[in-house]
Amino acid sequence: MTIRFDEKVAIVTGAGGGLGREYALALAKRGAKVVVNDLGGARDGTGHSDAALQVVEEIKAAGGEAMSNGGSVTDYDQMVEMVAKAKEAWGSVHILINNAGVLRDKSFANMEPADFKFVVDVHLNGSANVTKAVWATMREQAYGRILMTASSTGLFGNFGQANYGAAKLGLAGLTKTLYLEGAKYNIRVNTIAPTAGTRMTEDLFPAEAFKAFSPDKVAPAALYLVSEDAPSNAIVGAGAGVFQAAFVTLTQGKLLTGDDLSPEGVAAHWAEITDRTGEIVPASGNEQSMTIMKTLTGG
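Cut-off values and rules
- Every chain is numbered independently, its residues counted from 1 as its sequence is written.
- Local features in this predicted model are restricted to residues of pLDDT 70 or higher, and side-chain atom pairs are both shown and tallied only at a pLDDT of 80 or more, whereas totals for entire chains, interfaces and linings draw on every residue.
- Note that water and hydrogens are dropped before the side-chain values are worked out from all heavy atoms of the structure.
- For helices the rule is a DSSP run of H or I covering at least 4 residues; for strands it is a run of E covering at least 2, with both sets numbered from the N terminus onward.
- To estimate how far a helix should extend, the number of its residues minus one is multiplied by 1.5 Å.
- Only protein chains enter the accessibility calculation, which uses a 1.4 Å probe. A residue is then buried if its area is under 20% of the maximum for its type, exposed if over 50%, and partly exposed in between.
- Paired strands, as defined in this entry, are two strands with at least two bridges between them according to DSSP.
- Side-chain atoms within 4.5 Å are what join buried Ala, Val, Leu, Ile, Met, Phe, Trp, Tyr and Cys residues into a set we call a nonpolar core.
- In this description, contact between two residues means that some pair of their heavy atoms is separated by no more than 4.5 Å.
- Picture the helix axis, draw a direction to every C-beta atom, and the arc is the one those directions span.

With that settled, the discussion passes to helix H1 (residues 18–29). With 12 residues, H1 ought to run about 16 Å at 1.5 Å a step, and its terminal C-alpha atoms sit 17 Å apart, in line with that. If you check which residues of H1 are buried, you get Leu 19, Gly 20, Glu 22, Tyr 23, Ala 24, Leu 25, Ala 26, Leu 27 and Ala 28. One or two steps after H1, the chain reaches Gly 31, where phi turns positive at roughly 105°.

Structure representation (C-alpha cells):
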C-alpha cells in the first residue's frame, strides 16, 4: 500500500531546513499542498531566513504546490492568520507537523530564566498555538493528523538541556490529552522523538555520524504518523533509519498498611513498588486510579 496525501493540506513549522524541510518535501512529493513555515535562521531563534521560500521553490520545481509563511509560532494571532491563508488558498488544513524549535543549552546552574522561558515558549507553547489554530477546523471536518516533536532529552534527560527537556516532555504530555479529546473527531495525535544531523545538532555529532543521521532518514516515521491510517498516541523514536517506540508505563504497585504506611515502609518495599512484572501502558490518566482500586479490592 502506497501512502499518499493527495487533496490534503499540510502545515510544517520550522520547515526552512533540516527535518522540517525534509517533511515538507516528502509530503509534497506524495501529493500534499504544503505551508512551509519558518522564522529564524539561527538555532537560537535569532535572525530571519528566506529558507522557507527556497523550500517552496523546490516543491514547485518538482511539480508540487506550496506557500511560505514567516509567522512566529510564539504568536497565536500569526498562527491563526497562517491557517486562514491556507484555507483561503486550498480550502482546509488536514495535517500539522509541529517541528519549529530552538536551543539555548547551558547547565541549569548557569541558565538564565529568560533562556528557560524562551525555549519552552517556542517548543511547547508554540506547538500549542499552532495546534489550537487548526483544532476547530479539524473538528469540523472530522479529520486531522497532528505530530508533536519531542526528544530523547525530554523522555530520558540530557545534561545542559533543562529548558529543552521540560518543553519536549511537555509536548508528549500534550499529545496524550489531545489524542483523547480528538478521538471522536478522527483527529489522531502522535509524538516523534527524532535524532538527526541538522543546524541544531551540527556541532554535537562527529562528521561521519552527522551524515548517518541525515534528516531524510527520519521523515518516513513522520509521514506515517500523519497518514490516514496513522495510529494515535504513539511515541516514536527515529534516527539513521532506525525506528523505535517509547512508552510511559506503570507498575502494579504495592499496597502499604499499618506501620508500613510510612516513609520507612516505602523504603522497605521499594523493590516491590518498582517491580516491572505486569506493568501496564495506561491509555489515559484514569488508569492509575483504576489500578489502585484494583489493588485495594484484591482484583
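Here strand S6 (residues 187–194) lies mainly inside the structure; seven of its eight residues are buried. As paired strands, strand S5 (residues 144–149) and S6 are joined by six bridges and run parallel to one another. Looking across to S6, one finds that Leu 147 is bridged to Asn 190.

Here the focus is the nonpolar core. Tyr 23, Leu 27, Val 34, Val 36, Ile 59, Ile 97 and Ile 192 are the most contacted members of the largest nonpolar core, which totals 34 residues. Those elements that provide at least two residues to this core are strand S1 (9–12), H1, strand S2 (33–37), helix H2 (51–61), strand S4 (95–98), helix H8 (219–225) and strand S7 (235–239). The leading source of residues in this core is H1, at seven residues. Residues in contact with Val 34, not counting those within four places in the same chain, are Ala 10, Val 12, Ala 24, Leu 27, Ala 28, Ile 59, Glu 65, Ala 66, Met 67 and Trp 90. Of all hydrophobic cores here, the second largest spans 31 residues; its members include Val 73, Val 83, Val 93 and Leu 178.

Among the residues of H2, Ala 51, Ala 52, Val 55, Val 56 and Ile 59 are the ones counted as buried. Here the buried residues of H2 occupy an arc of 145° about the axis, which is enough to place them on one side. Across H2 from its buried face, at more than 90 degrees, point the exposed residues Glu 57 and Ala 61. Packed against the buried residues of H2 are H1, S2 and strand S3 (65–69). Two residues or fewer after H2 comes Gly 63, characterised by a positive phi angle close to 95°.

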